[in-house]
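Here is how the chains run, residue by residue.
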Amino acid sequence: MASAPVFAQSVTGAVAGRAEAGTQVTISNPSTGLSRSVTVGSDGSYRIAQLPPGQYTLSTGSGEPLSVGVSIGGTTTVNLSGAGAVDLAAVQVIGSRVINQVDVRSTESATNIRREEIARMPVDQSLGSVALLAPGVVSSGATFGGLTFGGSSVAENVVYIDGMDVTDPYRRQGYSTVPFGFYEEFQVKTGGYSAEFGRSTGGVINAVTRSGTNEFHSGAEFTIEPRAWTSSRKDHFHKDGSIDERDRTSRDGGSFYKANVWASGALIKDRLFFFGMYEQRDSKPRDVDTIEAWYTDSNNDFWGGKLDWQINDNHLLSLLAFSDEAESDTTKYNYDWDSATRGDEVGQSYDGSGGDNWSLTYTGNFTQNFVAKAMYGVNKRSATGGSPWDGDCSIVSRDSTYDEIFGPSTIQEGCHPSNASVSTRYDKREAARLDFEWTLGDHLLRFGADQQVMDSNSSRVYPGDGVSYRLTGISDDTNRQLPNGANVPAGVNAYVDARRYITGAPVSTKAQAVYIEDNWNVTPNLLLNIGVRGDKFENTLASGATFAKADFGDMVSPRVGFSWDMKGDGSTKLFGNAGRYYIPITNKLTDYFGGGTTDEHTYYVLDRMEERTDPVTGATYLFPVIGAQIGDVNTEGNVPAPDDVRTAVARDLKQVFQDEFILGFQQALNQAWSWGVNATYRKMTRAVEDVSIRHVEGCDWYSGDWPILNPGEKNTLWCPDTEQWVSFDNSKDGYITSGSDIVMGYKRPRRTYKAVEFQLDRAWDDKWALNLSYVWSKSDGNIEGPVNSDTGYNDTNLVQYYDHPAVNERFGPTFNDYRHQIKVRGSYKFNEMWSVGGTLSAHSGGPITAFGVRWPDDDRSAGGPSEFSGGGSGWLCESGCDSWTTREMVYTKKGGFGRMPWVTNLGASVMWTLPSDKVDLKARFSVYNLLNKQTEINVHSRYESTPGNKMPYFGEATVWQSPRYMQLVVTWNFF
C-alpha cells in the first residue's frame, strides 16, 4: 500500500525494474494510444516515468505483452531479469496483471485507493470518507469536525486535486471538491512524503480526476438518501433531567438526492480527449427543536470538465475546470413539540460557499532521461451568510447556567432567525509550479519550485445593533466575580454578557518553495532518497505593508529515506525516513491582527425580559431589558489595527515545524497476500500564536498586548517607549501575575506522537479482497496544534493557548490521543450479479480534561465559562475562592477525568449488477453505522465558570456519533 514519490504533486506514476542491458522496453496504453519506449541501461535498470494512471501493456518485442497497472504516486516494479523476473515469452494472455503489493522504490507511508475498489464497499461519497480508510486517520470529535492524521490537529492537512492545492487558505480546515464520480484515484499520505510536498504537518490527500479515452463512454448516476432511511437521533438530557443545549434532535433529519450525467471520449483519436460531468444536488436538512424549527433547502448544481491533449507520445497538455459554488436557504418556523405542528414563518437566512476553479498542466518528456512539468491554476472559495433580519435583530442566547436556574425557554427570545454573525469571505489562490526529473546513471534527480498567492477578503459583525446578548444565571452561593474583575451585586441571579465583535480586512499571503532530491540506487537493491526543501512566505495587509515573513533560510526541510529490496525480487523491503515539515501562518491570523479586531464584553444586570414585535413577521418575541452596568468594559480582547507591526509581530519570528521518523517493513507473502509493520515518531516543539504579554524587562509599554510570538522562546519586539528593539526570553519573562506581581514566562510548546502500525492486505482477484490494520499510538504534549478541540475553538493560530501561562503549563494526552485504532475493509463477489462489501472502524476514546478559570497567586482569568473559546487552567478552586489570597486550589492533569468510550462504526453494502455484456447497470445499497451507535465523542470540558462555581454539566456529552443512514447509488454506463 506504500507509494513512491513521483513529482508534480504525484498526479502520475511510473514503471521500473531490471532487464538485460540494451533491451528496448515499450509501454502502451490501449485506451489512449500513448506509447513510450526506453533502452535498458548498462547497469541493467530501466524506468518509464510520468505515466497517467491507468492500465498499460509492457513488452520487449518477444512474447506476449504483460498487463501493468499504474497508480498515482507509485512505481510499479517489473523485473525482466534477475530475481523475481517475469518471462514475457511465457506469458500467454494480457490478463496476467502485475499487482504492485510492495513498492520497493518508495520510502514514504501512503495508501492508494482506486475508484473501482471504493465502488465495491460502503464508502460515503466524500474525500474525507476515503481518507478514513487509511491507517492512522481519524475523524476528529471536535465540535468543528475535520480529520486528524497521526495525532495532528485538523488544521494541518493539505488537499490536492490534479496537482493543484485546493486547501482553505484562511483557516486551513476545509477544501474544494468535485463529485465522487469525477475522481479516478486517491492517495492518502500519512507520513514520510518527499521534498516536493510541504506546508503540512499532518497528512496529504492527493486525488486525480478522470480523463477520456479513444472509446466514447457516457453514463448517469443517481444517489438516493430519503429521510425515512435515516435513523432518528436521540434526544439528550443532562443528568439533572434538563435537555441538552442543542435542544431536541430526535426529529432532525432530511433528505438528499443527486444525479449526474457524464461523457468522455476522443475529439481526435489518440490525441485529444475529453471528460465532462454535470451534477444536480437537492438537499433538505431539517433541525426541529422544542419551540423552533429550521428548514433548509439547498438545490445546487456542479459542472466540471477535463481536456487532455496528447500532442505526441512525449508531450501532454491537460486542462481541468470545475465549479463547486453552492448556496442554501434556511427558513425558521415556530414549532409546537407536543402537537408536532409547524407554526408561522419567523425568519430566513442564507449561506454560500465554493467558487470556480481551473488548472493547466504541461508535461514534456524531452529525452529518455529528462522530463519537465509546468502547472498554473486558480482556486476560489467563499463563505457568506446573512438574513433579512440582519439590520434589525440582535443575537440573544442563553448560557447553561441560565437554563439551570430559570428552566428552558418557552417563548422565542430575540428575533434573529439564526443568531449568526453577518459574515462574508472570499478566498482566491493562484498557484504555479515547475518540476523537473533528470536520470543520471544510478541517480534520479528531481527538483522544482512553486508559488502560491492566497488572497482573503473577509468581514464579520454581529447583526442588529452589533451586540450579542448572552443571558447568564448565577446563584447566591457561588463566586460572583466576573472576568472584568467586578462582582455581580448581591441578590442578582441573572446578568447579561453583551459582546461586541467586529473583525475583517483584505489580506494576502505569498508562499514560495524550492526543492531538490536525489533518488540514488546505491546498489540494485538499495535506494537512498536524499532531499531538501526551502520555503518562504510573506503575509501582507491591505495597504501592502508586510505583516510577517520568512525567507528560504528560515524554513529548511531536510528529508532522507531508504528502501532496501531485501531479496532482490521486489517482494520484501525494509524502509525508513526522517524529515522536517514546516507549516505556514494562515490568512486568519493576518486578518485578525492586521485589520484590527474589536472584541469587548460589557456586563449588565438583567432587569427582565420584555415583549417586542418582529420587524419582518410581526410576531412577538422576548428581549432582555438591561439594568445597571457591572464594572468596566472588558477590552482585553481588543486588537487595534497596528500602525507599526513591529509591536504586533516578533522581529525574529520562527516558523512551526515538526520532525518525523518512520521505520517500516513490508512483505508480499504470495501473489495475493502481503503484510507490513512500521513505527512512527513525530515531535513538534514550536508554535506561532498571539501571546498575552504583560511584562517585558526594559519596556513598560508591554502591559497588556497580544503580539505574535514564538511562545517559550527568545523573541524581539519594538519598544515604543525607548524606540529600540528589546529582546526577552519568553520562557522566563512576558507575564506578571495580578495581585502577587510575580514575573514569569510561558512553557515552550511540545507535542509528540508515537505509533506502531500493523497492516495485512489481500489483493482483489475478481473474487474477494481484504485489508486489516491496527494502530497503537500515543499523542501527548501541552498543545494540540493551531486549534483547540478541547474547548471547541477553531480560529487557527488564535486559540488562546498563550493568553495565560496556566493554559499551557500541563503536559499530557492531547485531544487527538486515540490509543487504539482498528480498521477492516473487504469485498466479496458471489457471481456476476451479486457482491457484498463491508467496513469496520473502531478507536478508543479521547481523554477528558478539566478547565478552570484561575491558578495560584493570580487574580487574572485564564479562561471563562464559554465552551467555544480557548483558554483554561488546570487548577480548580476548593475553598476561599473569593480572593486570590485565600484560594485553596487543586491541580488536575490533562486527561485526569478518564476517557470517552470506544467509537465503533460498521458499514455494509450489497451490489447488484445486470448480467449483460451490452448494458453496464449497477445498483449499490449501503448502510452506514449499521449498529446505529450514537456514542459520545466529545464532552463539556469547562469545569468552573468562576473560581469555585462548578459548571453544571462538566464531563457530559456535547457531540455524538451520527446515527445509521442508508444510501442507494444506481449507475448506468453507456458504451
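See above for the structure.
Remember, it's a predicted structure, so these values are computed and weren't measured experimentally.

### Digging into the sheet that holds strand S15 (residues 204–209)
Here is step 1: In space, the five strands of this open sheet follow the order S9-S14-S15-S12-S13, with mixed pairing throughout. Each of the sheet's edge strands pairs with one partner strand only, and the pair in question is strand S9 (109–114) and strand S13 (164–165).
Here is step 2: In this structure, strand S12 (residues 158–161) lies alongside S13, joined through two bridges in antiparallel fashion. Bridge pairing links Tyr 160 to Asp 165 in S13.

### Thoughts on the pairing of strand S38 (residues 673–684)
Here is step 1: Side-chain alternation along S38 places Ser 674, Gly 676, Asn 678, Thr 680, Arg 682 and Met 684 on a buried face and Trp 673, Trp 675, Val 677, Ala 679, Tyr 681 and Lys 683 on a face that remains uncovered.
Here is step 2: Of the strand pairs in this sheet, strand S37 (residues 656–668) and S38 are connected by eleven bridges, and their pairing is antiparallel. Residue pairing in the sheet places Gln 658 in a bridge with Met 684 of S38.
Here is step 3: In textbook terms, the turn of a hairpin is the stretch between consecutive antiparallel strands, and for S37 and S38 this stretch comprises four residues.
Here is step 4: As defined by bridge partners, S38 adjoins strand S45 (residues 751–762) across twelve bridges and the pair is classed as antiparallel. In the strand pairing of S45, Asn 678 is matched with Glu 757.

### Notes on the side chain of Ser 200
Here is step 1: Tracing the backbone shows Ser 200 in the loop between strand S14 (183–191) and S15.
Here is step 2: A distance of 3.2 Å separates a polar side-chain atom of Ser 200 from the backbone nitrogen of Gly 202.
Here is step 3: Of the polar contacts made by the side chain of Ser 200, one reaches the backbone oxygen of Gly 203; its length is 3.4 Å.
Here is step 4: The contact partners of Ser 200, leaving out residues within four places of it in the chain, are Glu 156, Asn 157, Val 158, Tyr 193, Tyr 581 and Tyr 582.

### Things to note about the state of the cysteines
Here is step 1: Within the structure shown, the criterion is met by three disulfides.
Here is step 2: Here Cys 699 is linked by a disulfide to Cys 719, with a sulfur-sulfur distance of 2.1 Å. Taking the sign of the S-S torsion, about 95° here, the bridge from Cys 699 to Cys 719 comes out right-handed. Taken together, the residues span a long stretch of sequence, with Cys 699 in the loop between strand S39 (689–690) and strand S40 (708–709) and Cys 719 in strand S41 (residues 714–719) at a distance of 20 residues. The residues Cys 699 and Cys 719 share a single accessibility class, namely buried.
Here is step 3: Each sulfur in the disulfide pair Cys 877 and Cys 881 lies 2.1 Å from the other. Disulfide Cys 877-Cys 881: torsion about the S-S bond near -110°, hence left-handed.
Here is step 4: In the protein chain, the cysteines engaged in disulfides, taken in order along the sequence, are linked 1-2, 3-4, 5-6.

The rules behind these values
Residues numbered from 1 in each chain as written. Predicted model: local features only at pLDDT ≥ 70, side-chain atom pairs only at ≥ 80, totals over all residues. Heavy atoms only, no water. Pairing = 2+ DSSP bridges. Helix = DSSP H or I, 4+ residues; strand = E, 2+ residues; numbered from the N terminus. Buried < 20%, exposed > 50% of the residue type's maximum accessible area, 1.4 Å probe, protein only. Polar contact = N/O pair within 3.5 Å; in protein donor to acceptor, adjacent residues only side chain to side chain. Contact = heavy atoms within 4.5 Å. Disulfide = S-S within 2.5 Å.

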